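What follows is the residue order along each chain.
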Amino acid sequence: MPRIARGAIPSPNIWNTPQVYELENRAVDPEGAADAAMRTLRTWDDATVLDIGCGTGYHLPVLSAEAAQVIGVEPHGDLALLARRRCAGLANVTVHAAAAQNLPLADASVDVAMARWAYFFGPGCEPGLRELSRVVRRGGAAFVVDLDATRGSFGRWFSRTVPTYNAREVESFWDRQGWQRRPLDLRMTFLRRADLEAVLRIEFTPEVAEQAIAETTGLELAYPNVLRWRHF
């Protein structure tokens, strides 16, 4: 059994099928719109960057090309190991197996923190947000990129798969925490139809996935997201 950091909330897509999630990472946001939106708010050139919930480290090499130091944190021990292997030749990348609510970092040691599709839970994630307040330096910023469950077919499929998710309650939570938001109109684009269908099957319940597959033509999906951020 892999070591799981205490307090981690299971991620059924990447935790159970990292190979298929790799296909999803390759498909999402081919224009780099999420990175561009974050960079307009706080650049990470020559900065110390923290990627929370980094999974197998897909985004770490790209970040390392511009940042002075990149730190990946992933609560699933096996995925953290894969991230270390991916970045073995990158001297400015470090990966820790840890949870967001217990970051193994010094106070005021990070310039930019980000979590992509890893931390959308709203009420209950206060311990992780307190850790951000501890580790992000004054003048730094934190970003959360995640699905907007209120928009589009993807949001509808997600809401059917996770009926307990209350988008209005989540928005109210982030407002109370002092975070700002911006809609992101992302897309997924695939090279093969089989890859698109495999990704839909790890994101949704079997019934919803089959409906999503039937409703989707071609090799592309609209993927409405929201960027949340806070300056420190």
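For the structure, see preceding data.
Analysis parameters
Residues numbered from 1 in each chain as written. Predicted model: local features only at pLDDT ≥ 70, side-chain atom pairs only at ≥ 80, totals over all residues. Heavy atoms only, no water. Helix = DSSP H or I, 4+ residues; strand = E, 2+ residues; numbered from the N terminus. Rg over C-alpha atoms; globule rule 2.2 N^0.38 Å. Buried < 20%, exposed > 50% of the residue type's maximum accessible area, 1.4 Å probe, protein only. Contact = heavy atoms within 4.5 Å. Lys, Arg positive; Asp, Glu negative; His and termini not counted. Charge placed at Lys NZ, Arg CZ, Asp CG, Glu CD. Phe/Tyr/Trp six-rings, centres within 6.5 Å; stacked < 30°, edge-to-face > 60°. Lys NZ or Arg CZ within 6 Å of the ring centre and 35° of its normal. 1 Å grid on protein atoms, 1.4 Å probe; cavity = no way out; pocket = protein on both sides within 12 Å on 5 of 7 lines; lining within 4 Å. Points joined across faces, edges and corners; volume = space filled by probe spheres on them. Nonpolar A, V, L, I, M, F, W, Y, C, P; charged D, E, K, R; others polar. Salt bridge = Lys/Arg side-chain N within 4 Å of Asp/Glu carboxyl O. Arc of directions from axis to C-beta. Pairing = 2+ DSSP bridges. Axes fitted to C-alpha atoms, helices over the stretch in contact; angles between N-to-C directions. Core = buried A, V, L, I, M, F, W, Y, C linked by side-chain atoms within 4.5 Å.

(A) Looking closely at the overall build of the chain. Summing up its helical and strand segments, the chain has ten helices and seven strands in all. Taking 17 Å as the expected radius of gyration for a compact globule of 232 residues, we find that the chain reaches 17 Å, a close match to that expectation. Projected onto its principal axes, the C-alpha positions of the chain cover 50 × 40 × 35 Å. Counting the 232 residues in the chain, one finds 50% classified as buried. Sequence separation of at least 24 residues holds for 76% of the intrachain contacts in the chain that already meet a minimum separation of 6. Between the mean site of the 26 positive side-chain charges and the mean site of the 28 negative ones, the chain shows a separation of 4 Å.

(B) Highlighting the packing of aromatic side chains. Counted under the stated rule, the structure contains eight aromatic pairs. Seen from their ring centres, Trp174 and Trp179 are 4.9 Å apart, and the 65 degrees between their planes marks the pair as edge-to-face. The exposure classification of Trp174 matches that of Trp179, with both residues buried. Put simply, the rings of Trp117, Phe154, Trp157, Phe204 and Tyr223 touch in pairs and so form one group of aromatic residues. Positioned above the aromatic ring of Trp44 is the side chain of Arg39, whose terminal nitrogen or guanidinium carbon lies 5.1 Å from the ring centre.

(C) Representation of the layout of surface pockets in the model. Taken as a whole, the second largest pocket encloses approximately 220 Å³ of empty space. When its residues are assigned to classes, the lining of the second largest pocket shows five nonpolar, three polar and three charged.

(D) Structural detail: the pattern of salt bridges. Per the stated rule, a full pass over the model turns up 21 salt bridges. Where Arg86 meets Glu22, a salt bridge forms, and the shortest distance between an N and an O atom there is 2.4 Å. With Arg86 in helix α5 (residues 77–86) and Glu22 in helix α2 (residues 18–27), this pair connects stretches of sequence that are 64 residues apart. We note a salt bridge from Glu197 to Arg201, for which the minimum N-O separation is 3.8 Å. Residue Glu197 and its partner Arg201 are both found in helix α9 (residues 193–203); the two are separated by four residues, about one turn of the helix. Sharing partners across several salt bridges, the network here consists of Asp148, Arg151, Glu171, Arg181, Asp185 and Arg228.

(E) Molecular detail of helix α3 (residues 33–41). Taken together, the buried positions of α3 are occupied by Ala34, Asp35, Ala37 and Met38. In a view along the axis of α3, the buried residues occupy a sector of 165 degrees, so they form one face of it.

(F) Focus on the sheet that holds strand β5 (residues 136–147). Strand order in this open sheet of seven strands is β3-β2-β1-β4-β5-β7-β6, and the pairing throughout is mixed. Both outer strands of the open sheet, β3 (93–97) and β6 (180–189), are each paired with one neighbouring strand and no more. Averaged over all neighbouring strand pairs, the angle between strand axes comes to 20 degrees, with direction disregarded. Here strand β1 (residues 48–52) runs beside strand β4 (residues 110–116); their pairing, made up of three bridges, is parallel. Residue pairing for β4: Leu50 is matched across the bridge by Ala113. Along the sheet, helix α6 (residues 126–135) contacts β1, β4, β5 and β7 (220–231); its crossing angle with β5, the most-contacted strand, is approximately 145 degrees.

(G) Local environment of the nonpolar core. Residues Leu50, Phe154, Met188 and Leu200 are the most contacted members of the largest nonpolar core, which totals 74 residues. Among the elements that line this core, the one with the most residues is β5, at seven residues. The contact partners of Leu50, leaving out residues within four places of it in the chain, are Ile71, Val73, Leu103, Leu105, Val110, Val112, Ala113, Met114 and Val135.

(H) Layout of α5. Those residues of α5 that fall on the buried side of the exposure criterion are Gly77, Leu79, Ala80 and Ala83. Projection of α5 onto a plane perpendicular to its axis shows the buried side chains occupying an angular sector of 160 degrees, all on one side. Those residues of α5 that are buried are in contact with α1 (12–16), α2, α4 (60–64), β2 (69–74) and β3.

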